[in-house]
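Spelled out, the chains give:
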Amino acid sequence: MNDVATMEKIVALCKRRGFVFPSSEIYGGMGSTYDFGHYGVLLKGNVKAQWWRAMIGEREDIVALDSAILQHPRVWEASGHLEGFTDPLVDCRTCKQRFRADQLEEASCPRAPSKHPGEHKDCDLTQARQFNLMFETTVGPVKEEGATAYLRPETAQGIFINFKNVLAFARKKPPFGIAQVGKSFRNEITPGNFIFRTREFEQMEMEFFVPPEEAERWHSYWLEERMRWYLDLGLREDHLRLRAHGAEELSHYSSATSDIEYLFPGKDERSERRWMELEGIANRTDFDLRRHAEYSGEKLEYFDQASGRRYVPYVIEPAAGTDRATLAFLVDAYDEEVVEREGQGKGEGRTVLRLHPQLAPVKVAVLPLVSRDGQPELAHEVAARLRALMQTEYDEGGAIGRRYRRQDEIGTPWCVTIDHQSLEDRTVTVRDRDSLAQERVAIEELPALLAERLSAPWRSPKLAGDPA
Ligand code: GAP
């Protein structure tokens, strides 16, 4: 199978079909900020729903949390972010732009003669200095009198500062986890690559508290679980890998971290694919609980009444980016093929998102063949029945072939077509997005049939077709 996706094609499809728009566009845009449209909201919502399902729907040792974005400034002192959450920054005296000193290979200078990445080596760069990535704001109506606060750069700290609250009500003992999904903010020096690296983004993080001597075993366990999650949702195995951090790369809190990386396509056909981080899975040791205990004066430990043992748990943290995962699912699902024009046998190209049905923004589209002769009325009736079970869309505008193509491009797994025969015998055709097979089904049986297909295990047809 050829990898036909490029970032240019994905960005264009996202805009054309209402997944993701550049933000503030009518004012000329604001670099690297994006707004999610209807299908983007549904797709990202499904990614989060699948994550919650894996964290709390299918197991009992994890509880949910939704902590505030603004937290006491001491949180960021204790966590080490105020002091250490920095990137090395350099200025280019030629083009007057700023770059991350450790990412110069990827940067290109607009004033330099060629536009190839890495050409900063010829440029006139200042010494690197450390730049804190946290956004500062002022709390209170009068700026001068207000207290400085920070927009959280990770959701994790909201979990650590609630450790005691959760322990008190949840009746859990280590090993147990606290999971959270929410926005985080980082003043990235070089955001970019569409929604891959932005200054405002969403994270899906879970802190799993374990007895210290079990930390390594749970680290391996979560590496496997999280890889399986991406694979079960349809990402190609050869586009995913685990990469362990070298000692120089580890965050200040971590004793071991491995990243799940995805092989993202380049901007266009000529650019190379690159392995980039989707999720980090870290052994955070007891660093955070100890630091918060020290800074707050609260005891943040676990007392095991059965053994009489008191200890500070270690933490294993799978930390994923919602936007990055959404982008990887989009890229991996993207396909182009030449098909017989439905009904006419003439070859034409189609673009299709072969998304896992659970992730697809719309599960089923109900389409009357013509918008007269009672077909729209019956189609509305069928759509209403399906809507009670799954995300359903009704569309009666334009030629049927164009309506199919539109649903293909947003990844709708099934199209239900109402035709003149439907009015006579109450049957409809169900068209499969991937195989393009059409079958005739009684309206009475349709809801159960589609519900069953939606919950069945799924394997990407891209994988099924692979010679490997
Ligand atoms: N609590 C640990 C933590 O925040 P991280 O590796 O810095 O670890 C976790 O972030 C995940 O959040 C990353 O793997 C990535 O998917 C996502 N992420 C981080 N910075 C991001 C950014 N600027 N834009 C989009 N996603 C980002």
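Residues numbered from 1 in each chain as written. Predicted model: local features only at pLDDT ≥ 70, side-chain atom pairs only at ≥ 80, totals over all residues. Heavy atoms only, no water.

### Topic: the packing of helix α1 (residues 7-16) against helix α9 (residues 322-333)
A pair of packed helices is characterised by two quantities: the angle between their axes and the separation of those axes. Basically, it comes down to this: For helices, the axis comes from a line fit to the C-alpha atoms of the stretch in contact; other axes are also lines fit to C-alpha atoms, and the angle between any two N-to-C directions lies between 0 and 180 degrees. In DSSP terms, a helix is any run of H or I states spanning at least four residues, a strand is any run of E spanning at least two, and both are numbered starting from the N terminus. To sort the angles, those under 35 degrees are grouped as roughly parallel, those over 145 as roughly antiparallel, those from 65 to 115 as roughly perpendicular, and the leftovers as oblique. When checking whether two residues touch, look at their non-hydrogen atoms; a contact exists if any pair is within 4.5 Å. Residue classes follow a fixed rule: Ala, Val, Leu, Ile, Met, Phe, Trp, Tyr, Cys and Pro count as nonpolar, while Asp, Glu, Lys and Arg count as charged, and any other residue, Gly among them, counts as polar.
α9 packs onto α1 with a crossing angle of 105 degrees between their chain directions and a minimal axis gap of 11 Å. As summarised for this structure, α1 and α9 are arranged roughly perpendicular, according to the angle between their axes. In this structure, α1 contributes M7, I10 and C14 to the contact, and α9 contributes L327, L330 and V331. Here the contact of α1 with α9 is composed, by residue class, of six nonpolar, no polar and no charged.

### Notes on the packing of aromatic side chains
The test is simple: Stacked, edge-to-face and tilted labels apply to pairs of Phe, Tyr and Trp rings (six-membered ring for Trp) whose centres lie within 6.5 Å, assigned for plane angles under 30 degrees, over 60, and everything in between, in that order. Relative accessibility decides the category of a residue: with a 1.4 Å probe and only protein chains considered, values under 20% of the type maximum give buried, values over 50% give exposed, and everything between is partly exposed. A ring has a charge above it when a Lys NZ or an Arg CZ is no more than 6 Å from the ring centre and no more than 35 degrees off the ring normal.
Evaluated as defined, the whole model comprises 17 aromatic pairs. Here F208 and W222 contribute two aromatic rings whose centre-to-centre distance is 5.4 Å and whose plane-to-plane angle is 65 degrees, an arrangement assigned as edge-to-face. Of this pair, F208 sits in strand β10 (residues 200-210) while W222 sits in helix α7 (residues 215-232), and the two are 14 residues apart along the sequence. As far as burial versus exposure is concerned, F208 and W222 are alike and both buried. In this structure an aromatic cluster arises from ring pairing among F160, F163, F176 and F209. The ring of W229 carries the charged tip of R226 above its face, separated from the ring centre by 4.4 Å. Lying across the ring of Y311, R309 places its NZ or CZ 4.3 Å from the centre.

### Quick look at the sheet that holds strand β23 (residues 438-442)
The criterion, for reference: By the convention used here, strands pair only if DSSP detects at least 2 bridges between them.
Taking strand neighbours across the sheet as the criterion, the five strands line up as β20-β19-β21-β22-β23 in an open arrangement whose pairing is mixed. For this open sheet the edge positions go to β20 (392-394) and β23, each flanked by a neighbour on one side alone. Averaged over all neighbouring strand pairs, the angle between strand axes comes to 25 degrees, with direction disregarded. Pairing between strand β19 (residues 364-368) and β20: three bridges, direction parallel. Paired with A365 across the bridge in β20 is E393. Against the sheet, helix α11 (residues 400-410) engages β19, β20, β21 (414-418), β22 (427-432) and β23, with an angle of about 170 degrees to β19. Seen against the sheet, helix α13 (residues 446-455) touches β19, β21, β22 and β23 and runs at an angle of roughly 165 degrees to β21.

### Section: the domain arrangement of the chain
For clarity, the threshold we go by: Per the annotation, domain bounds derive from an automatic or database assignment of domains. Throughout, the accessible surface (probe 1.4 Å) given up by two parts as they are put together, summed over both, is called the buried area. Throughout this description, the term salt bridge denotes a Lys or Arg side-chain nitrogen within 4 Å of a carboxyl oxygen of Asp or Glu. Whenever two N or O atoms come within 3.5 Å, that pair is a polar contact, provided that in protein one can donate a hydrogen and the other can accept it, and provided that, for residues adjacent in sequence, both atoms are side-chain atoms.
As assigned here, the chain comprises domain 1 (7-72 + 134-330), domain 2 (86-132) and domain 3 (362-455). Placing a centre on the C-alpha atoms of domain 1 and another on those of domain 2 gives a separation of 28 Å. The partner domain 2 presents ten residues to the seven residues of domain 1 that form the contact. For the domain 1 and domain 2 pair, buried surface summed over both sides reaches about 700 Å², with 49% attributable to carbon and sulfur atoms. Remark: the boundary between domain 1 and domain 2 carries zero salt bridges. Summed over the shared surface of domain 1 and domain 2, the result is one residue pair in polar contact (both at pLDDT 80 or more). Across the side of domain 1 that touches domain 2, the residue classes tally to two nonpolar, two polar and three charged.

### What about the site of the ligand?
To keep things clear, this is the line we draw: Proximity is defined per residue: if any heavy atom of the residue lies within 4 Å of a molecule or strand, that residue is considered near it. For the area figures, the Shrake-Rupley method with a 1.4 Å probe applies, and any residue is considered shielded solely by the protein chains shown.
The ligand sits among 21 residues. The nearest are E154, E188, T198, E205 and E277. In this structure, R324 approaches the ligand through a side-chain N or O atom, which is 3.5 Å from a nitrogen atom. Contact with the protein chains hides 91% of the accessible area of the ligand, taken as 550 Å² for the molecule alone. Counting only elements with at least two residues in the shell around the ligand, the list comes to β10, β13 (274-285) and β16 (314-321). Among the elements that line the shell around the ligand, the one with the most residues is β13, at five residues. Here the shell around the ligand is composed, by residue class, of seven nonpolar, four polar and ten charged.

### Looking at empty space enclosed by the protein
What counts is decided by this rule: Both cavities and pockets are sets of points on a 1 Å grid over the protein atoms alone; in a cavity a 1.4 Å probe fits but cannot get out, in a pocket the set is open with protein on both sides within 12 Å along at least five of seven lines, and lining residues sit with an atom within 4 Å of a point. Grid points are joined across faces, edges and corners, and a volume is the space filled by probe spheres set on the points.
Taken as a whole and judged by the stated rule, the model has two cavities of 30 Å³ or more. Approximately 70 Å³ is the volume attributed to the largest cavity. With three residues, α9 is the single largest residue contributor to the lining of the largest cavity. In terms of residue class, the lining of the largest cavity is built from seven nonpolar, three polar and three charged. When its volume is computed, the second largest cavity comes out at roughly 50 Å³.

### Quick look at the pairing of β21
In terms of residue burial, β21 counts as a mostly covered element, since five of its five residues are buried. Here β19 pairs with β21 via five bridges, running parallel. Looking across to β21, one finds that V366 is bridged to V416. As judged from the four bridges shared by β21 and β22, these two strands associate in the antiparallel manner. Considered in β22, the bridge of T417 is made with T429.

### A few points about the sheet that holds strand β6 (residues 129-132)
Strand order in this open sheet of three strands is β5-β4-β6, and the pairing throughout is antiparallel. Only two strands of the sheet have a single neighbouring strand rather than two, namely β5 (98-100) and β6. Averaged over all pairs of adjacent strands, the angle between their axes in this sheet comes to 50 degrees, without regard to strand direction. Relative to β5, strand β4 (residues 86-91) runs antiparallel, the two being bridged by three bridges. Each residue of the ladder has a partner; that of L89, found in β5, is R100.

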